[in-house]
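# Structure at a glance
Listed below, chain by chain, are the residues.
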Amino acid sequence: MQFEKVEKYKLKNGAQLAILNSPEFKSAKITVKFNAGYLHLPNEKNQVPHLLEHIIYDHNEDVKHDFAKFGVWQNAGTWDGETDYWLECLPEYFESTIQHLLYDICNPILTSEKLTVEKKTVENELSTERLEPLQLMYGKIKDDLFENIISEHAKKATLKNIEIEDLQKFYQEFYTTDNARIFIYGHFSDQQKQKIMDLLENFALPRGEEKSIPAIKSRQQYISRKEEDGDLTRFMRVSHFPHFSNHVAANYSILFRYLFHSDSGNAYQELRKKGLIYGFYLGADIQNDLSEINEISFSAIAEKYDEVMQIVKKWVKKAQNGEISDEELDFLKTVAKNDLRMDYKDLDDRAGALENRFIFNEQETFPERVFAETDNVTRESLSELACEVFADFEKEN
C-alpha cells in the first residue's frame, strides 16, 4: 500500500503545516485545525467552542457570493479536542478562498447579538442530532460512562450558562498561530506552493502556545444498556480503552470483520439468515492521544432478543477462544487490507486519514501502519483483544 510523502513545515509564525501534493488531485483543499474543543472547558461551558465555530463560519454576504461563484465546498466542525475549518475548490480559486478563510478566522463578530442568534442555531442542531433512538441511548451511556464527554441533551442545557465574554476569552487563548495545524491538499507547482506558504505565514493571529488535548476520563471501562421500545428491544455497549496502537487497530479491524461485517461477519450472517437482525452496528472511534471508544448496538424484535443475544455471545466466545482457522484469518486480512485501500481512494478520504489521526504525532495510527500491521494479526492476538473488548459480556448479558 503506497502513500504519498507528506511535506511538513513549521512556519515562522509558529503554525504547523502539512502538504500532500499529488497529481491525482483535481481540486485543492485546506483544513485549519485548532486544539480547541469540548474537553478544554468544564462541562458547564461545553458549547463555547461550538458557538465560536458557528460565528466564525458565518461569512459576510460578499464572501458567500464569491464562494457560490467559485463552487467552493466548505464546512466546519467542533470535536472533543479540536475545532476544524475546511474548504475545497478548483485550483484556480484556491489562493483567494484561503484569504477569505483566514480573514474570517481572524475577524469573528463576537457580539451579544450574534451569540443570541447562534445559541438558537446550535440548540436546534443538538436537538436534531438526538432524535434517533440509538443516539438517545448513546447519549445516556455517555453521561453515565464518561466524566468529561457529555450527551447532546446535556450540551443543550449548557447553552444558558454561556456569555459573550466566555467566547472572547476562549478565542484569545486558543486561536493563536502556535495552536494551529494547517493541512493543504492538491497538485501544486513549486511556485504555487510558495505563494500558499507566504499567505499562511501572514496568518494574522497572535502567537501563543500549542495546547495539549485533554484525556478522556471514564468512570469504568465499559457499560451496556438494554431498552424496550414498543415491539423492539435495543441494545448498546460502549467501551473505552485509554491506549490504542496500530497493532490493536489492525486486530480490531479483523475482529469486526470476523463478527459483524455485513459480508464476512459470522454473527451477522447467521442473524441475517434467520431473519433476526435489524440495524446491527459496530464501530470504533480513535479519540484523543490514541484513546479509543468502540460501540456495538442493534435493534431486535423484542420476543427474539434473547435468541439474537445467544448467537452474538456464541460468536464472541469463539473469537475469545481463538476458534478461527488459518484460511479464514487470511481471508479476513485480505478483506481488511482491501477495505483500507478503498478507504484511501480520493481527496476527502486521504485528508481524513491524515488529519483525524494527528499527523504531527509520530506514534499516530496512520492507515499505512495499520495496513502493515494487518499481516501481524494472529489467532492469539485476536483472542486477546476479543477478551478485552467483550470483558464480562457473557455474565452481563
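Refer to the structure printed above.
### Here's the deal with the sheet that holds strand E6 (residues 180-186)
Backbone-to-backbone hydrogen bonds join strands into a sheet, with any given pair of strands oriented parallel or antiparallel. On the basis of which strands lie adjacent, the open sheet formed by six strands has the order E1-E2-E6-E3-E5-E4 and mixed pairing. At either end of the open sheet lies a strand with only one pairing partner, and these are strand E1 (7-10) and strand E4 (73-78). Each adjacent strand pair in this sheet contributes to an overall mean axis angle of 15 degrees, direction not counted. Bridging between E1 and strand E2 (residues 16-21) involves four bridges; their strand directions are antiparallel. Following the sheet pairing, lysine 8 is matched in E2 by alanine 18. Sheet strands touched by helix H1 (residues 48-57): E4 and strand E5 (83-89). Its angle to E4, the strand with the most contacts, is close to 160 degrees. Along the sheet, helix H8 (residues 190-201) contacts E1, E2, strand E3 (28-34) and E6; its crossing angle with E2, the most-contacted strand, is approximately 160 degrees.

### A short note on helix H15 (residues 379-389)
Residues Ser381, Leu382, Ser383, Leu385, Ala386 and Val389 constitute the buried set of H15. Structurally, H15 contributes buried residues whose contacts are with strand E8 (232-241), helix H9 (246-259), strand E10 (292-301), helix H11 (305-320) and helix H12 (326-342).

### Focus on the pattern of salt bridges
Considering all chains together, one arrives at 21 salt bridges under this definition. Linking lysine 193 and glutamate 7 is a salt bridge whose minimum nitrogen-to-oxygen distance equals 2.7 Å. Of the two residues, lysine 193 sits in helix H8 while glutamate 7 sits in strand E1, which places them 186 residues apart along the sequence. Taking relative accessible area as the criterion, lysine 193 reaches 13% and is therefore assigned buried. In this structure, aspartate 58 engages lysine 114 in a salt bridge whose closest nitrogen and oxygen atoms are separated by 2.3 Å. Placement of aspartate 58 in the loop between H1 and helix H2 (61-70) and of lysine 114 in helix H4 (residues 112-129) is noted, with a sequence separation of 56 residues between them. Via salt bridges that share partners, Lys33, Glu82, Asp84 and Arg181 belong to a single interconnected network.

Analysis parameters
- Residues numbered from 1 in each chain as written.
- Predicted model: local features only at pLDDT ≥ 70, side-chain atom pairs only at ≥ 80, totals over all residues.
- Heavy atoms only, no water.
- Pairing = 2+ DSSP bridges.
- Helix = DSSP H or I, 4+ residues; strand = E, 2+ residues; numbered from the N terminus.
- Axes fitted to C-alpha atoms, helices over the stretch in contact; angles between N-to-C directions.
- Contact = heavy atoms within 4.5 Å.
- Buried < 20%, exposed > 50% of the residue type's maximum accessible area, 1.4 Å probe, protein only.
- Salt bridge = Lys/Arg side-chain N within 4 Å of Asp/Glu carboxyl O.

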